[in-house]
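Examination of the molecular architecture
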Amino acid sequence: MQGFKKLVLPLMVAAVLVAGCGDKKEGAAKEEKPTQVAAKVNGTELTVSQVNYALQRIPNLDKDQSKAASLQVIRNLVDQEVLAQKAQSEKLDRDPVVVQALDAARRQIMAEIYMTRKLGTPTEPTDAEVSDYFNKHPELFTKRKIYRLQELSIKAPKEKQEAIRKQLTDSKTLSDFVAWLKDEKYPVQASQGVKPAEQLPQALLPKLAEMPDGQAMVVNTPEGLLVILLADSQVQPVTLEQAKPAIVRLLQNEARQKAAKAELDKVKAEAKIEYVGEFADAGKPETAPAAPAESAATPTAPAADADAISKGVSGLK
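Let me sum up the structure you'll find in this document. (Residues numbered from 1 in each chain as written. Predicted model: local features only at pLDDT ≥ 70, side-chain atom pairs only at ≥ 80, totals over all residues. Heavy atoms only, no water.)

Position of E124 relative to the elements: it lies in the loop between α6 (96–119) and α7 (127–136). The exposure class assigned to E124 is exposed, which follows from its relative accessible area of 53%. Not counting residues up to four positions away in its chain, the partners in contact with E124 are V248 and Q252. (Helix = DSSP H or I, 4+ residues; strand = E, 2+ residues; numbered from the N terminus. Buried < 20%, exposed > 50% of the residue type's maximum accessible area, 1.4 Å probe, protein only. Contact = heavy atoms within 4.5 Å.)

Put into structure tokens, the structure is as follows:
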């Protein structure tokens, strides 16, 4: 039951913002059947439909849990209503901050509902489309790997990054490189982990898939550089049959995002939009963000020396 409570209790804050929204007109209350009322707070009715709406927002709720969950939901709805009524009695619904929050929430909800109804149910991709995606991405399927990666996140200004890249290439061992970073007083954070191909950034995966064990890749980040060492990898392919459900979801999401952008562009083209004052530049065409610059460097040390990263950087944190 604790899980249900964590999912539903955050709504209490929202309830304060929508103070009094649970109130019903006297005539409407009379028309409602007694069985539709789940609870009353100072005469204000909380209905079964409100409980059902909250239950729909609890993921992976099975039938055996629904009864206990509904009891927890109504308890939390009562808590919300108590706070909402108190907020209204103190005129919090007139507070400028609350009014802005309500306006922002309404705008967000209306935009999401419009787009959801406009796009409708996602279309199921054809078998040919699924097969085509499967064949075009061997790094995810037929040549899928499990990667053991070790990473160094280095904070450094742009003018110093080329020297760091060169030092990585010139270092005889990774521990030498880590020691150099320490001597130069670059802030460094080390991490390591094992991840399958599908959990890695898709922009980096094709290069990682072609890298031999023991090789390092250097990627630009907003704060400096990220050194990714491929310590080890193991091929674990998946078949088309195994991959199909994931590919279907991915293609549906891609199609939905494309349709959503097209709809948004259409609606914006029909609207009169004007950016004013200091926000005038927002009306100018956006420049696409540059892709992170990447380069690969091969340490002269063997792959077995990869563990030196964690040991060498432990004193830098």
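Before going further, it helps to spend a moment on unusual backbone geometry. One non-glycine residue, N60, lies in the positive phi region at around 55°. Tracing the sequence through the fold places N60 in the loop between α4 (48–56) and α5 (63–89). Its identity as a non-glycine residue notwithstanding, K91 has a phi of 60°, on the positive side. Tracing the sequence through the fold places K91 in the loop between α5 and α6. Looking at K91, the relative accessible area reads 46%, which means it is partly exposed.

A few words now on the pairing of strand β1 (residues 37–41). Pairing analysis gives four bridges linking β1 to strand β2 (residues 44–47), with the strands arranged antiparallel. Bridge assignment links V37 to a residue of β2, and that residue is T47. Taking the residues that link successive antiparallel strands as the turn, the β1-β2 hairpin has two residues, and the phi of N42 there is positive, at about 50°. (Pairing = 2+ DSSP bridges.)

This part is about the pattern of salt bridges. Enumeration according to the criterion identifies seven salt bridges in this entry. One salt bridge in this structure joins D170 and K166, with 2.6 Å as the shortest N-O distance. Here K166 and D170 lie together in helix α8 (residues 158–170), a separation of four residues that amounts to about one turn. For D265, the salt bridge is made with K261, and the minimal N-O distance between the two is 2.8 Å. One end of the pair, D265, and the other, K261, are both in helix α11 (residues 240–270), four residues apart, so they sit about a helical turn from each other. (Salt bridge = Lys/Arg side-chain N within 4 Å of Asp/Glu carboxyl O.)

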